Amino acid sequence: MSAVPMQAAPQYAPALQPTYLNVQRTIRSWLLTTDHKRIALLYMVSITFFFFVGGVAATLMRLELLTPRAELVTSETYNKLFTIHGVVMLWFFLIPSIPTVLGNFLVPLMIGARDVAFPRLNLASWYLFMVGGAFTLFSIITGGVDTGWTFYTPYSSTYSNGHVVAMAAGIFIAGFGSIATGLNFIVTVHTMRAPGLTWWRLPIFIWSLYTTSIILVLATPVLAITLALMALERIFGVGFFNPAIGGDPLLFQHLFWFYSHPAVYIMILPGMGVVSELIPCFSRRPLFGYKFVAVASVAIGVLGFLVWGHHMFVSSQSIYAGMIFSILSFMVSIPSAIKVFNWTATLYKGSIRFQTPMLYALFFIGLFTIGGLTGLFLACLAIDVHVHDTYFVIAHFHYIMVGGMVMAYLGGIHFWWPKITGRMYPELPAKLAALTVFLGFNLTFFPQFILGYLGMPRRYPVYAPEFQVLNVLSTAGASILAVGYLLPLTYLLWSLRYGRIATPNPWEATGLEWTTHSPPPKDNFETTPLVTAGAYKYDSQAAEAQREVAHV
Amino acid sequence: MSSSPTTPILAHQFEDATQQRDAATIGMWLFIATEILFFGGMFLGYTVYRYTYPQAFAEGSQHTLIWFGGTNAAVLLISSTTMALAVHAASENRRALLVSLLLGTASLGALFLVIKGFEYAHEVKENLLPGSSFHIVAAEPLKAEMFFYIYWLMTGFHALHVAIGVVLILIFAARAFFTNAFVNHDTPVDLLGLYWHFVDIVWVFLFPLLYLVDRHS
C-alpha cells in the first residue's frame with residue numbers, strides 16, 4: 001500500500017487536499033461563505049458586471065461624440081449616460097475594485113492569517129454592495145438620473161426629474177459595505193499578523209490597503225450623511241441645503257468633496273500597492289526606499305483629507321481658502337513623486353522581465369505620472385479657472401483612474417491569477433491585450449487634454465465643429481480600449497479550464513501568499529508562518545546570472 | 001471542550017482569546033469613529049448656520065421644551081451609569097445582576113424615547129415641524145425654520161440610535177438570561193456599553209446646542 005504510490009505521491013499531494021474552491025461545491029456554499037477568498041471572487045464577478053454596465057454608458061457617450069451635434073441621443077439621455085457612467089464606475093467598480101477583490105483575497109494571505117478578523121461582516125459587506133447595486137440598477141432601468149455623479153444641490157434636491165433618491169440610496173447602502181470592508185482590514189492588519197511580521201516587514205500592498213481602509217472608514221460616513229441630507233431635502237421639500245430657509249447649497253459641495261476627494265485616493269492607493277509588489281518581483285530587486293514608499297502611502301491618505309476645496313475653486317468659496325487648498329494640493333505631489341522615483345529606482349540595475357503584470361505596472365508608472373503632473377496644472381488656481389469643467393479635467397482623472405487604477409487592477413489580476421485560480425493565464429494573448437489597452441487608452445484620453453485646453457466643456461453632447469477631429473480620435477481609441485478589455489475576459493475565462501496548472505510560486509516572488517498552495521486551502525496555510533525578514537528579498541545578480549546560463 | 005460554559009468560543013480565524021478580544025474592541029472603536037463622522041456632517045451644518053444666523057438660532061431655541069430635554073439628559077446619564085454597572089457585572093459573571101441592569105438600561109432608553117415622543121407631538125401641534133405648515137413668531141421665521149430642521153434632523157437620527165440601542169440591549173438581556181453566552185465572555189457586553197455611552201455622549205452635545213442657545217436671560 002505504501003510502497004508503490006510513493007513516487008506519485010508528491011505530484012498528487014496538492015490535488016488531494018481540498019482547495020478553497022472545491023472544499024464545497026454548492027451555490028449555497030458560495031452565497032453563505034465566510035471565506036475571504038470566496039468573498040473576493042463574489043466581488044470579482046460583481047464588479048466585472050458593473051464595469052461593463054459603466055462601459056456601455058461610456059461607449060454610447062463616445063459614439064454620440066463622434067459628431068458635433070446630438071444625433072444619437074438627446075441631451076437629456078446624454079446627461080443620464082454620464083451620470084450612470086460616473087456612479088457605476090466610481091462606486092461599483094473603482095472603489096471596490098482592488099480593495100474588495102485583491103484585498104479580500106490577499107490581506108489575510110499576505111499577513112499569514114487564516115481569514116480576516118470579521119468574516120461574517122465581510123460577507124455582509126458583499127450583500128450590502130449588491131443591494132446598493134440593485135437600487136442603482138433599478139434607478140437606471142426605470143428612467144435614470146441626470147444630475148451627474150456629484151449630485152450637486154439645489155439641482156438634485158429640487159429640480160431634477162430622475163430617480164435621484166433611489167440612486168442615492170444605492171450609493172448610501174453600498175457605502176456601508178465599503179465601511180465594513182475598511183473596518184475589517186484595519187482590524188485584521190492590527191491584530192492578525194503572523195508572528196514576526198512587524199509593521200516594517202509588511203508588503204507595501206498591505207500599507208496601501210491599510211491607508212485606503214482608514215479613508216474608507218473616515219470619509220464614507222460623511223458621504224452617507226451628505227446623500228441622506230440631499231435625499232431628505234428632496235423628499236420633504238425643505239432641508240439643509242435649501243436657500244429658501246437660509247441653507248447654503250455650497251455646503252453640500254464641501255461635504256460631498258470631503259468624502260469624494262479622499263475617495264480619489266481610495267481609487268489610486270491600492271493601485272500603488274499592487275505596483276509596489278509587481279515592480280520588485282519582475283525586476284528581481286528589493287523595493288528601493290521601502291520605508292519611504294510605505295510612509296508616502298500614509299502621507300497621501302492624510303493629505304487627501306485636506307484638499308477637497310480644489311474641486312471648488314470657481315464655486316465662490318473664499319479666495320484665501322482657494323490658495324490654501326491649492327498649496328495643499330501641490331503637496332500631495334511630494335509623496336506621489338516619492339513613490340514614482342522609488343519604483344523607477346527599483347528598476348535600475350534590475351533583471352527585468354516583461355511578463356504581462358510587469359507591462360501593466362510600467363504602464364501604470366507612466367500614465368500615473370502624466371495624470372499626476374496634469375493634476376498640478378489643475379491645482380494651480382489661475383490655470384484651473386481656465387480649464388475647469390473642460391475635457392482637460394476628464395483626461396486628467398482618467399489618466400489616474402483608468403491609466404492608473406485599472407492598469408494596476410489588471411496587472412494584479414494577472415499576477416495573482418495563478419494563486420486565485422490555480423491556473424496560468426496564456427502569456428501571449430495577455431501581452432497583446434495589455435498593449436491594446438495601453439494604445440487604446442492613450443488614443444482615447446490624450447486628445448481630451450488638447451480638447452479641454454482648447455476649451456471644450458465636459459457634459460455636453462454638442463460641441464463646436466472644429467473639435468470633431470480630436471473627438472473622432474478619442475472615440476476610435478475607445479473602441480480599441482473596449483477590445484482590450486474584452487480580451488482578458490475571454491482568455492482568463494478560457495484559462496480556468498485550459499490554462500497550465502500553476503505551481504505554488506510561478507513568479508518566484510517573495511511574500512507569504514506564495515508559500516502556500518495554488519489555489520490555497522480553505523485555511524490558507526498548513527501551519528501559521530513565522531516571519532523572520534522583511535518583504536522583497538530579491539537578488540537581481542543571481543537572477544541575471546541564472547538568465548545568462550539559460551541563454552548560453 | 002467547546003460546549004463547556006467556562007471556555008469562550010474562539011472563532012477559527014483567531015489564535016487565542018486575547019487576539020479575538022482585541023480585534024472586537026478595535027472594531028467597535030472604529031465603528032464609533034464612523035458614527036462620529038456621520039454625525040459630524042450634521043454638526044458641521046449646525047456650526048455653519050448658527051454662526052450665520054445667531055439670532056434665529058437663539059429664538060428657535062427658546063421654543064424648545066427645556067424641561068423635556070433636560071429630563072431626557074438626566075435619563076440618559078443615569079442609563080449610562082446602569083450600563084457601566086452592567087459591564088462590571090458581566091466581568092464578574094454575576095448573571096442575575098447583569099440581566100436586571102441591562103433591563104434597567106433598556107427601560108431608561110425606552111423612557112427617553114417616550115419623553116421625546118411627547119415632545120415631538122407637542123412640537124407638531126405648535127407647527128414647529130419644518131414644511132408647509134411650519135409657523136413661528138420670530139424676527140427671521142425662515143432662518144428659525146432652519147434651526148428646527150436641524151433640531152428634528154439631529155434629534156431624529158439620535159433617537160434612531162437610541163431605539164437601535166434599546167433593541168440591542170433587550171437582545172443581550174435575553175441572551176444573558178436564557179443562555180450562558182456571556183459567562184467568562186464579557187467582551188460583547190463591554191462593546192455594547194461602548195455603543196450606549198456613545199449614544200449618550202451625542203445627547204450631551206445635542207442638549208446644550210439645541211436647548212440652551214442664549215437661555216441665560
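Residues numbered from 1 in each chain as written. Chains lettered and ligands numbered in written order. Predicted model: local features only at pLDDT ≥ 70, side-chain atom pairs only at ≥ 80, totals over all residues. Heavy atoms only, no water.

Observations regarding the interface of chain B and chain A
Contacts between chain B and chain A engage 34 residues on the former and 38 residues on the latter. Regarding the contact of chain B and chain A, the summed buried area is about 2900 Å², with carbon and sulfur atoms giving 73% of it. Here chain B is connected to chain A by 1 salt bridge. Salt-bridge contacts for R114 of chain A lead to E15 of chain B; the nearest nitrogen and oxygen are separated by 3.4 Å. Breaking the side of chain B that touches chain A down by element, the ones donating at least two residues are α1 (17-52) and α5 (141-178) of chain B. The element best represented in the side of chain B that touches chain A is α1 of chain B, accounting for 19 residues. Residues belonging to the side of chain B that touches chain A are distributed by class as follows: 22 nonpolar, 8 polar and 4 charged. (Contact = heavy atoms within 4.5 Å. Buried area = accessible area lost by both parts, 1.4 Å probe. Salt bridge = Lys/Arg side-chain N within 4 Å of Asp/Glu carboxyl O. Helix = DSSP H or I, 4+ residues; strand = E, 2+ residues; numbered from the N terminus. Nonpolar A, V, L, I, M, F, W, Y, C, P; charged D, E, K, R; others polar.)

Comments concerning the packing of helix α3 (residues 36-64) of chain A against helix α17 (residues 468-498) of chain A
All names here are of chain A. As a packed pair, α3 and α17 sit with axes 10 Å apart at the nearest point and diverge in direction by 160°. Between α3 and α17, the interaxial angle falls into the category roughly antiparallel. The two elements α3 and α17 cross, and the hand of that crossing is left-handed. Residue-level inspection shows T48, F51, F52, R62 and L63 of α3 in contact with α17, the latter providing N471, S474, T475, A478, Y485, L486 and L489. (Axes fitted to C-alpha atoms, helices over the stretch in contact; angles between N-to-C directions. Parallel < 35°, antiparallel > 145°, perpendicular 65-115°, else oblique. Left-handed = near helix turned anticlockwise from the far one by under 90°.)

Looking at the nonpolar core
One finds W91, F151 and F364 of chain A to be the most contacted residues of the largest nonpolar core, which totals 249 residues. The leading source of residues in this core is helix α4 (residues 75-110) of chain A, at 21 residues. (Core = buried A, V, L, I, M, F, W, Y, C linked by side-chain atoms within 4.5 Å. Buried < 20%, exposed > 50% of the residue type's maximum accessible area, 1.4 Å probe, protein only.)

Things to note about the environment of V393 of chain A
Considering the arrangement of structural elements, one finds V393 of chain A in helix α15 (residues 391-421). The residues contacting V393 of chain A, other than those within four sequence positions of it, are L378, V387, H388 and R458 of chain A.

Side note on the side chain of D384 of chain A
All names here are of chain A. Note on placement: D384 falls in helix α14 (residues 381-387). The buried charged residue D384 lacks any salt bridge, with R458 as its nearest oppositely charged partner at 9.2 Å. With residues near it in sequence (within four places) discarded, D384 still touches F313, F377 and L378. (Lys, Arg positive; Asp, Glu negative; His and termini not counted.)

With respect to the packing of aromatic side chains
Two aromatic rings, taken as a pair, are described by how far apart their centres are and by the angle between their planes. Residues and elements named next belong to chain A. Across all of its chains, the model carries 69 aromatic pairs over all chains by this definition. Taking the centre distance of 5.4 Å and the plane angle of 85° together, the rings of F51 and F52 count as edge-to-face. Relative accessible area serves as the criterion here: at 28%, F52 is assigned to the partly exposed category. Here R38 stacks its cationic end above the ring of W30, 4.1 Å away from the centre of that ring. One residue, K291, lies across the ring of W200, its end atom 4.7 Å from the ring centre. (Phe/Tyr/Trp six-rings, centres within 6.5 Å; stacked < 30°, edge-to-face > 60°. Lys NZ or Arg CZ within 6 Å of the ring centre and 35° of its normal.)

Topic: empty space enclosed by the protein
One pass over the structure, following the stated rule, counts 2 cavities of 30 Å³ or more. Of the voids in this model, the largest cavity is the one considered here, and its volume is about 160 Å³. Taken together, 18 residues make up the lining of the largest cavity; nearest its centre are W91, I95, P96, A174 and S178 of chain A. Every element with two or more residues in the lining of the largest cavity is listed here: α4, α5 (119-141), α7 (164-191) and α8 (204-236) of chain A. Here the second largest cavity is characterised by a volume of approximately 70 Å³. The wall of the second largest cavity is formed by A89, A90, N93, R94, R95, L98, A176, T179, N180, A181, F182 and V183 of chain B. Every element with two or more residues in the lining of the second largest cavity is listed here: α3 (66-91) and α4 (95-125) of chain B. A class-by-class count of the residues in the lining of the second largest cavity yields 7 nonpolar, 3 polar and 2 charged. (1 Å grid on protein atoms, 1.4 Å probe; cavity = no way out; pocket = protein on both sides within 12 Å on 5 of 7 lines; lining within 4 Å. Points joined across faces, edges and corners; volume = space filled by probe spheres on them.)

Observations concerning helix α2 (residues 54-62) of chain B
Regarding α2 of chain B, the residues found buried are A56, F57, A58, G60 and S61 of chain B. Looking at the packing, one finds that the buried side of α2 of chain B touches α1, α5 and α6 (187-211) of chain B.

A few points about the pattern of salt bridges
Applying the stated criterion across every chain, the model contains 10 salt bridges over all chains. We note a salt bridge from R458 of chain A to D389 of chain A, for which the minimum N-O separation is 3.7 Å. Of this pair, R458 of chain A sits in the loop between α16 (427-454) and α17 while D389 of chain A sits in the loop between α14 and α15; the two residues are 69 residues apart in sequence, bridging distant segments of the chain. A relative accessible area of 14% means that R458 of chain A is categorised as buried. One salt bridge in this structure joins R21 of chain B and D186 of chain B, with 3.2 Å as the shortest N-O distance. Separated by 165 residues along the polypeptide, R21 of chain B in helix α1 and D186 of chain B in the loop between α5 and α6 bring together distant segments of the chain. Take D186 of chain B: its relative accessible area is 16%, and that puts it in the buried class.

Brief notes about a nonpolar patch on the surface
Among the surface-exposed residues, L160, I164, V167, L168 and I171 of chain B lie close enough to one another that they form a single nonpolar patch of about 400 Å² accessible area. Its place among the elements puts L160 of chain B in helix α5. (Patch = residues over 30% accessible without salt bridge, like charges linked within 9 Å, V, L, I, M, F, W, Y side chains within 5 Å. Areas by Shrake-Rupley, 256 points an atom, 1.4 Å probe, with all protein chains shown as cover.)

Overview of α5 of chain A
All names here are of chain A. Taking 1.5 Å per residue, 23 residues should reach 33 Å; α5 reaches 33 Å between its end C-alpha atoms and fits that length. Those residues of α5 that fall on the buried side of the exposure criterion are P119, N122, L123, S125, W126, F129, G132, G133, T136, S139 and I140. Buried residues along α5 sit against α2 (27-31), α3, α4 and α7. Just downstream of α5 lies G143, where phi reads positive at about 140°. (Expected span 1.5 Å × (residues − 1).)

Some words on the confidence of the model for chain B
Here chain B averages 93 in pLDDT, while 96% of its residues score no lower than 70. Of the regions scoring below 50 in pLDDT, residues 1-5 of chain B engages in 3 contacts with residues more than four places distant in sequence or in other chains. (pLDDT = per-residue confidence, 0-100.)

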